[in-house]
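Report on the structure
Each chain is listed here by its residues.
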Amino acid sequence: DELAGEWWTVPAKRAKNKREHRVYLTPVAIEALATVPMIVGEAKVFAGWRGKRQLAAINAIVFAKVSPRPPPRPALRDTVATRLAEAGVPSEHIARVLNHAYGPRVTAGYNAHDYDREKRLAMMKWERRLRAVLAAESTDNVIHLTRKGA
């Protein structure tokens, strides 16, 4: 099974770069995944811009400030990478979250560190940012009243 606790291990045969990839699932990710219904004939949770799985209302909020690019566009990856950089996450750790190689080929070939700790910390930063964005959106239609003299 690919899921073990808070970690999802994408097998090398399914990864674009043919390297196994461990993805830390934050509490909000686990909660969200639990609500995604199964679709017959659709093996992917997020099928991409042409797939059957489009969360238009949430995408409009989360990706509101992402620079538009023509499809196909990995909007989630763009957004996460950009917001992690804004949060001060080092580029090497962002690359590991995205399952990208980082640094000179020779050095990268010798580095066998799994970066699980760094990926977990980066994804927890992303979760805090995402929760803030979604919380701000849910209160946009609220009028805050203050008492006189308060």
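Everything numeric here is computed off the predicted structure, so don't read it as measured data.

A look at the overall build of the chain
Tallying secondary structure elements over the chain gives six helices and three strands in all. The secondary structure elements of the chain, listed N-terminal to C-terminal, are β-β-β-α-α-α-α-α-α. Considering the chain as a whole, with its 150 residues, one finds that 25% of them fall into the buried category. Partitioning the intrachain contacts of the chain with sequence separation of at least 6 by distance along the chain shows that 41% fall at a separation of at least 24.

Re the sheet that holds strand S2 (residues 7–10)
The sheet built from three strands is open, its strands ordered S1-S2-S3 with antiparallel pairing. Looking at the sheet topology across the chains shown, the edges are occupied by strand S1 (3–4) and strand S3 (21–24). When S2 meets S3, the two strands line up antiparallel, connected through four bridges. Along S3, the bridge assignment pairs tryptophan 8 with valine 23.

So, the pattern of salt bridges
Inspection of the entire model under this criterion finds seven salt bridges. Note that glutamate 2 is salt-bridged to arginine 14, the shortest N-O span being 2.3 Å. With glutamate 2 in the segment before S1 and arginine 14 in the loop between S2 and S3, the pair connects residues that are 12 residues apart, well separated along the chain. Residue class for glutamate 2 comes out partly exposed when judged on its relative accessible area of 24%. Here glutamate 92 ties to arginine 96 by a salt bridge, and the two come within 3.6 Å at their closest N and O atoms. Within this pair, glutamate 92 and its partner arginine 96 are both found in helix H4 (residues 91–97), separated by four residues, close to a single helical turn. It is possible to trace a salt-bridge network through shared partners that takes in Arg22, Asp116 and Lys119.

Remarks on the environment of arginine 19
Mapping arginine 19 onto the fold places it in the loop between S2 and S3. Looking at arginine 19, the relative accessible area reads 35%, which means it is partly exposed. Spatially, the C-alpha atom of arginine 19 lies 9.4 Å from that of histidine 100, the residues being 81 residues apart in sequence. Non-local contacts of arginine 19, meaning those with residues more than four positions away in its chain, are made with Ala12, Asn99, His100 and Ala101.

A word on the confidence of the model for the chain
Detail in the predicted coordinates should be disregarded across regions flagged by low pLDDT. When pLDDT is averaged along the chain, the result is 78; 68% of the residues meet or exceed 70. When pLDDT is averaged over each helix and strand of the chain, the minimum, 60, is found for helix H2 (residues 56–62) and the maximum, 94, for H4.

Considering the side chain of lysine 119
By secondary structure assignment, the location of lysine 119 is in helix H6 (residues 116–138). With near-sequence residues (within four places) excluded, lysine 119 lies in contact with His21, Arg22, Arg96, Val97 and Asp114.

Things to note about the nonpolar core
Looking at soluble globular proteins, one finds that nonpolar side chains tend to be buried together. Membership of the largest hydrophobic core comes to 15 residues, with the highest contact counts inside it found for Leu84, Ile94 and Trp126. Counting residues per element, the ones that place at least two in this core are helix H3 (75–86), H4 and H6. Residue contributions to this core peak at five residues, all from H6. Residues in contact with leucine 84, not counting those within four places in the same chain, are Val89, Ile94, Val97, Ala122, Lys125 and Trp126.

Rules behind the numbers
Residues numbered from 1 in each chain as written. Predicted model: local features only at pLDDT ≥ 70, side-chain atom pairs only at ≥ 80, totals over all residues. Heavy atoms only, no water. Helix = DSSP H or I, 4+ residues; strand = E, 2+ residues; numbered from the N terminus. Buried < 20%, exposed > 50% of the residue type's maximum accessible area, 1.4 Å probe, protein only. Contact = heavy atoms within 4.5 Å. Pairing = 2+ DSSP bridges. Salt bridge = Lys/Arg side-chain N within 4 Å of Asp/Glu carboxyl O. pLDDT = per-residue confidence, 0-100. Core = buried A, V, L, I, M, F, W, Y, C linked by side-chain atoms within 4.5 Å.

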